[in-house]
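Architecture and fold: a report
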Amino acid sequence: MLFKNVLAQFFLLGFLFIFASAEAQDYKIQGKIIDSENVALESATIYVEAVKDSSLVDYTISDVDGNFIVEGSTDVDEVNLFISFTGFQTYKKRYQLSQNRTINTGTITLQLADNTLGEVVVQGTKAPVSIKTDTLEFNAASFKTKADANLEEVLKKLPGVAVDKDGAITVNGKPVSRILVNGKEFFGDDPKIATKNLPKEIINKIQVVDTKTKSEEFTGKEGDSENKTINITIDEDKNKGYFARLTAGGGTDERYELSGIGNYFKDDLRVSVLASSNNINSSGFTFDEVFDAMGRNAYAITRNSNGNFSINGNSFGSGGGGITKSDNGGVSFVNEWSDETELSANYFFNRGDTKTRTEVERENILPDRTYFNNSTSSSDRKNDNHRARFGFEFEPDTLTRISFRPNITVNDGFVKSNSNTSSFEEDGTPINTAETEQYTELLSTNFSNNLNVSRKFGTKGGFVSLGFDNTNNKSEEENVYFSSREIYDDAGNLTDTDIQDQFINQNTRKDEYSISANTRLPLSEKLSLDVSYSYTKSNDESERLIYEKNDLTGEYDVLVDTLSNDFNSETFNHRPNIGLVYRDDKLRASISGGLENVRLKNEDLFTETSFDNTYNNFYSRAYFRYKLNKTKSIYFNYRNSRNVPSITQLQPVTNTTNPLNIVTGNPNLDPSLQHNIYMNFNNYDFKSRSGFYAYLGGDLTNDQVVSITTTNQDLVRTTSYTNVDGAYSLFAGASLDKTITLESKNTIKIDAGIYGNMSKDLGFSNGVKFDSNRYSVSPNLGVQYDIVDILTIEPSYDISFINAKYSLNNTRDQNYVNHNVGLELTSYWPKNFVFGNDISYQHLGNIAPGFKNDFVLWNMSLGYKIMGDDGIFKVKVFDVLDQNISTSRTTGDDFVQDTQQLVLEQYVMFSFTYKLSKFGGKDPNKRRGRRR
């Protein structure tokens, strides 16, 4: 009831703001654009500015016939109309709206400029949107935000761009995989470090392109059109300076946060430093303007189909969950000494200490019986992680590029864990109990490197590229393992006690080296032949030695041969490929295929067994992308692939390392064959500020490798593997977004979507084959109402309908509904105050009796700005109503499991944030009285 009352009040407040509009009148300017040869100009940018202060009133893009309409409401009486198109002179004309609110410009003929470029790009810095052949470009200054906005807040204002609660970005429905600054990575590959920290003051253009590798960027080869890259360009006069942000906070229950980031720019040199420490489950680098490192959704629990958990998009430890104390630091360096040479390097350090506590109730369904497990477990995981990346690029001439990119990751940590489990029949008769304790120390080193040499030739896009890659992974693990297992007979009487007290020493090493060559041979202006070949050689060593305690010496020095193993394996992979590529202004298409020859050699030194298998797999791919116009396109992709079974699945050796699950591989397994298909349609209409995206895809797998498990009366499992046909999955979805501009540039942004999937999985339980079918449909709706510098209201609603059917036991068929209602409200009034609320109500339809299935989660923040907006004091409350919980039900092919985990609980945090910046010799904060 409390949540409903609060939600109703916030919605009422929003509608009052919407209808309490200032004095403004409707206007309309329309016309047509052609060139000197009477050809209509599609996707020219038309924008209207107020004469008095050059502020943007509105904009649009011309259609395929060159027609345009700019309309809306404004209190401005005198405006300038601009029209720009690459290769043509910018058109400008002044109009008096006070005399005529409806203007027909007639047909406007643009005149050729001297520097014809042949692409659709708006010249000048004030055009809000430009459309090139492969680039969508926004002028940051044209989109009104609060004075001290960061990049994320600008992105939320851009047409066709969406930013979700976790900071993930999509453009016209397609995900953004990375963000660059002046074409270079900004502190590694985490886009949120850039979106949360780059201030709008330094941003000039925001460019959206297809994601490409370095080699593809240089040679012009097609990139991944289903993933986007955002490149941020910085004004030349602001590419010299620095900006930094520091936050310190302390709260109840010994909660704290410390974080800071500093950036220094000087032409082609950029140095960034960041550091953080907190115990509130935060990475610490993605500062939220309202809630800092606590995040607007620090409480958000993501429930995945496999039962895993993540917090704020970050998983901590196995399965996520728990409470993490983290200490982080890093430095990034990028520099160009000339047009030919570029050096980049970065280093990250993370120390994580995660404590977990989990309670599980699980029902296990076999064809002839059902039994139950109840368990409690806890763990303390500590780990130091070091990551270093280095990049060197050299272009000796305009046709040649050499790149060298090594990376290294080192993990050094330990885990202490314990668990208690009891198994019993349906009538409560005990089957067994088990208690385990483990202490594990782990040291791993992972090194990888890429060397690439590319050379372009001809004038039609020809190139040749040679590559060398290597990965060298090594891990050393020492584990002290103790377990006590009690076994009961059918009457529930204790019959046996099994004790394991072992020291396990496991060392693994994998070295992989590959060489590749590919070339594009132009056959005509639009058609090319692609030929490639790659060879990969890998060596794997896995030694697992198990020692039991010597009763006489008390040392772990008794080697258990039957549980130990020492594998050596080699893999040889040859992969030739040939394909045709077609490219023109509207259509990009490719069809290719090849042969993959894989040889596996494996030897177990303990059992003196080995096998040597060779697999020949044919594969193919076809795709096309057709542009219906500058903003509308369709895409189709098909590929098949064969996946060779793992060494564990193939090795014809019985592994009794876990005496409760005895595993034997099957050397007669076939590689699985998977067919994948995907298609989509997307369109963004700049005239109506509305976008539509729809997709459909699926996969079918034959010869899928699945386990065959039998369970005896004592619950000892025996597992092997076989191939099955007929597993599939289908998925589809559509989304629509619409932006409505109100008086004084206030906006309403509506996002709606519907998503669905269905799947069929196959497996065996006690030797009986079963299948499970799952179906789900999830519509959602979100609205963002924004009054610049005053108020932002963001209500949302998601509902999911889930249905699951199981052939093994149809009494477990599930049909339930989940609801999620959210409201984010941020007020910037009165002056210098920032008041934020993030409220979420969740109702879970399949939680077991005894677990709470609905709850309200509420974060609150109140800040006061001082020192000319450079400093802000805040008080933040995490989980205002103290209802944060972590409960879930997971339904598998042959089990139903309810889980409850340790989570972060209510706390209050007091913090202070200080920002300092200077660009081009000027402090941007001294100009904040004028909004851009």
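Now for a look at the structure at hand. Note that the structure is predicted; figures quoted are calculated from it, not measured. (Residues numbered from 1 in each chain as written. Predicted model: local features only at pLDDT ≥ 70, side-chain atom pairs only at ≥ 80, totals over all residues. Heavy atoms only, no water.)

1. What to know about a negative patch on the surface
The condition that has to hold: Residues with no salt bridge and a relative accessible area higher than 30% make up the patches, which join like charges within 9 Å and nonpolar side chains (Val, Leu, Ile, Met, Phe, Trp, Tyr) within 5 Å. Per-residue accessibility takes into account occlusion by the displayed protein chains alone, with areas from the Shrake-Rupley method and a 1.4 Å probe. Within this document, salt bridges are pairs made up of a side-chain nitrogen of Lys or Arg and a carboxyl oxygen of Asp or Glu, the two lying within 4 Å of each other. For this count, His and the chain ends are skipped, Lys and Arg are scored as positive, and Asp and Glu as negative. Where a charge lies is defined by one atom per residue type, namely NZ (Lys), CZ (Arg), CG (Asp) and CD (Glu). Numbering of helices and strands starts at the N terminus; helices are DSSP runs of H or I of at least 4 residues and strands are runs of E of at least 2.
A cluster of acidic side chains, namely Asp253, Glu254, Asp882 and Glu905, defines a negative patch on the protein surface. Within the secondary structure layout, Glu905 lies in the loop between β49 (895-901) and β50 (907-919).

2. Some thoughts on the sheet that holds strand β34 (residues 654-655)
Stated formally: One requirement defines pairing of two strands: DSSP has to find at least two bridges between them.
Taken in spatial order, the four strands make up an open sheet running β34-β35-β39-β38, and their pairing is mixed. If you trace the sheet from one side to the other, it starts and ends with β34 and β38 (704-711), each paired once. Direction of pairing for β34 relative to strand β35 (residues 661-664): antiparallel, over a ladder of two bridges. Residue pairing for β35: Thr654 is matched across the bridge by Thr664.

3. Quick word on the sheet that holds strand β1 (residues 25-34)
Selection criterion: Axis definition: a line fit to C-alpha positions, over the contact stretch in the case of helices; interaxial angles, taken between N-to-C directions, run 0 to 180 degrees.
Spatially, β4-β1-β7 is the arrangement adopted by the three strands of the open sheet, whose pairing is mixed. Two strands lie at the open edges of the sheet, namely β4 (67-74) and β7 (102-109), each paired on one side alone. The sheet shows a mean angle of 15° between the axes of neighbouring strands, direction not considered. Where β1 lies against β4, eight bridges are found, and the strand directions are antiparallel.

4. As for the packing of aromatic side chains
Put simply, the rule reads: Two rings from Phe, Tyr or Trp (for Trp, the six-membered ring) form a pair when their centres sit within 6.5 Å of each other. Planes less than 30 degrees apart are called stacked, planes more than 60 degrees apart edge-to-face, and all others tilted. The criterion for a charge sitting over a ring is simple: Lys NZ or Arg CZ within 6 Å of the ring centre, and within 35 degrees of the ring normal.
A full pass over the atoms with the stated rule returns 22 aromatic pairs. Both rings, one in Tyr693 and one in Tyr695, keep their centres 6.0 Å apart while their planes meet at 40°; by these two values the pair is tilted. Taken together, the ring pairs in this structure connect Tyr623, Tyr635, Tyr678, Tyr693, Tyr695 and Phe731 into an aromatic cluster. A cation sits over an aromatic face here: Lys456 above Phe218, 4.4 Å from the ring centre. When the ring centre of Tyr59 is taken as origin, the NZ or CZ atom of Arg689, which lies over that ring, is 3.7 Å away.

5. With respect to empty space enclosed by the protein
Here is the rule: The method works on a 1 Å grid over the protein atoms by themselves. A cavity is a set of points holding a 1.4 Å probe that cannot get out, a pocket is an open set with protein on both sides within 12 Å along at least five of seven lines, and residues with an atom within 4 Å of a point line them. Grid points are joined across faces, edges and corners, and a volume is the space filled by probe spheres set on the points. Side-chain classes follow a simple rule in which Ala, Val, Leu, Ile, Met, Phe, Trp, Tyr, Cys and Pro form the nonpolar group, Asp, Glu, Lys and Arg form the charged group, and the remainder, Gly included, forms the polar group.
Tallied over the entire structure, the rule returns four cavities of 30 Å³ or more. Its volume calculated, the largest cavity comes out at about 380 Å³. In terms of lining residues, the largest cavity is bounded by 23 residues, among which Leu136, Asn172, Lys228, Lys627 and Lys630 are the most central. Those elements giving two or more residues to the lining of the largest cavity turn out to be β14 (203-211), β32 (609-629), β33 (632-643) and β36 (672-685). Its residues assigned to classes, the lining of the largest cavity shows seven nonpolar, seven polar and nine charged.

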